[in-house]
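What the coordinates show
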Amino acid sequence: MARIIVITSGKGGVGKTTCTANIGMALAKRRRKVAVIDADFGLRNLDLLLGLENRVVYTAVEVLSGQCRLEQALVKDKRFNNLVLLPAAQNRTKDAVTPDQMRQLVNALARVYEYILIDCPAGIEMGFQNAIAAAKEALIVTTPEIAAVRDADRVIGLLEANNVKRIHLIVNRLKPAMVAANDMMSVEDVQEILAVPLIGVVPDDERVIVSTNKGEPLVLSETPSMAGTAFDNIIRRLEGEKVPFQALSVPDDNFFSRLRKMLSKKVI
């Protein structure tokens, strides 16, 4: 049976689409059959992060209007043919699709693919209702900021009210130096507020921006990175493996460390 997972947050800008692209690609690397759905009608971005924007011909809206078959709208990844994207339409609003139509699309994909990942738009309006309509599981993405955590808490309540009971937490863009300086919430702080199981902690990494701009998810990089490893570990935990969380230490070359070293030198 296919696992249908919505990736959501409530607040925009916390990295849902980045997480969707990297988790989908990491699953494809493990030879799983994966379909990723961009449910953000009007603001399509998942195709860019996967580097598939030039391959989009049809979208979910054309499928539902009968202008093409579902298979025609699916964009095959150029690196793994077991990964496909169902893009959203950029020229339509979020109410162009109903929850029943989203269930129809997802159920059709579930006959073929092992994982269906749904990239949820920000907010809790119609786009959110569409994205969660067919979901059986959810990954809540939040950054360690009070506004993002509060929105995530609201979304968890809405998911539970819509019978999405299997919910896991991803804390994204964690900055260990700021946590150590008490300038950022810790993972434990976020967990205490949200009270859902933790499945991943992704450290802040400039290479995520580079990979996004290139359309190459970080999990494909040949150069190891803590963020890339974090995404790999998320899908290992998703598949039931017991994987310890990475130790995210404060880098020695941060500003305060350098300042302390300067002050500790004897002045001649």
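Just above sits the structure.
As a starting point, this report considers the structure included with it. The shown structure was predicted, so the numbers you read here are calculated from the model rather than taken from an experiment. (Residues numbered from 1 in each chain as written. Predicted model: local features only at pLDDT ≥ 70, side-chain atom pairs only at ≥ 80, totals over all residues. Heavy atoms only, no water.)

1. Digging into the sheet that holds strand β5 (residues 115-119)
Pairing is mixed across the open sheet formed by eight strands, whose spatial order is β3-β4-β2-β5-β1-β6-β7-β8. Of all the strands in the sheet, just β3 (75-76) and β8 (198-203) have a single pairing partner and so form its edges. Relative to strand β6 (residues 137-142), strand β1 (residues 3-8) is paired through four bridges, and the arrangement is parallel. If you follow Ile7 over to β6, its bridge partner there is Leu139. The strands touched by helix α9 (residues 187-194) are β6, β7 (166-174) and β8; relative to β7, the strand with the most contacts, the crossing angle is about 150°. Along the sheet, helix α11 (residues 226-238) contacts β1, β5, β6, β7 and β8; its crossing angle with β8, the most-contacted strand, is approximately 170°. (Pairing = 2+ DSSP bridges. Helix = DSSP H or I, 4+ residues; strand = E, 2+ residues; numbered from the N terminus. Contact = heavy atoms within 4.5 Å. Axes fitted to C-alpha atoms, helices over the stretch in contact; angles between N-to-C directions.)

2. Some thoughts on the pattern of salt bridges
A full pass over the atoms with the stated rule returns 13 salt bridges. As a salt-bridge pair, Asp47 and Arg44 come within 3.3 Å of each other at their nearest N and O atoms. Assigned by exposure class, Asp47 and Arg44 land together as buried. The shortest N-O distance in the salt bridge between Asp77 and Arg79 comes to 2.5 Å. Under the relative-accessibility criterion, Asp77 is labelled buried at 5%. Because the salt bridges share partners, they merge into one network encompassing Arg30, Arg32, Arg236, Glu239 and Glu241. (Salt bridge = Lys/Arg side-chain N within 4 Å of Asp/Glu carboxyl O. Buried < 20%, exposed > 50% of the residue type's maximum accessible area, 1.4 Å probe, protein only.)

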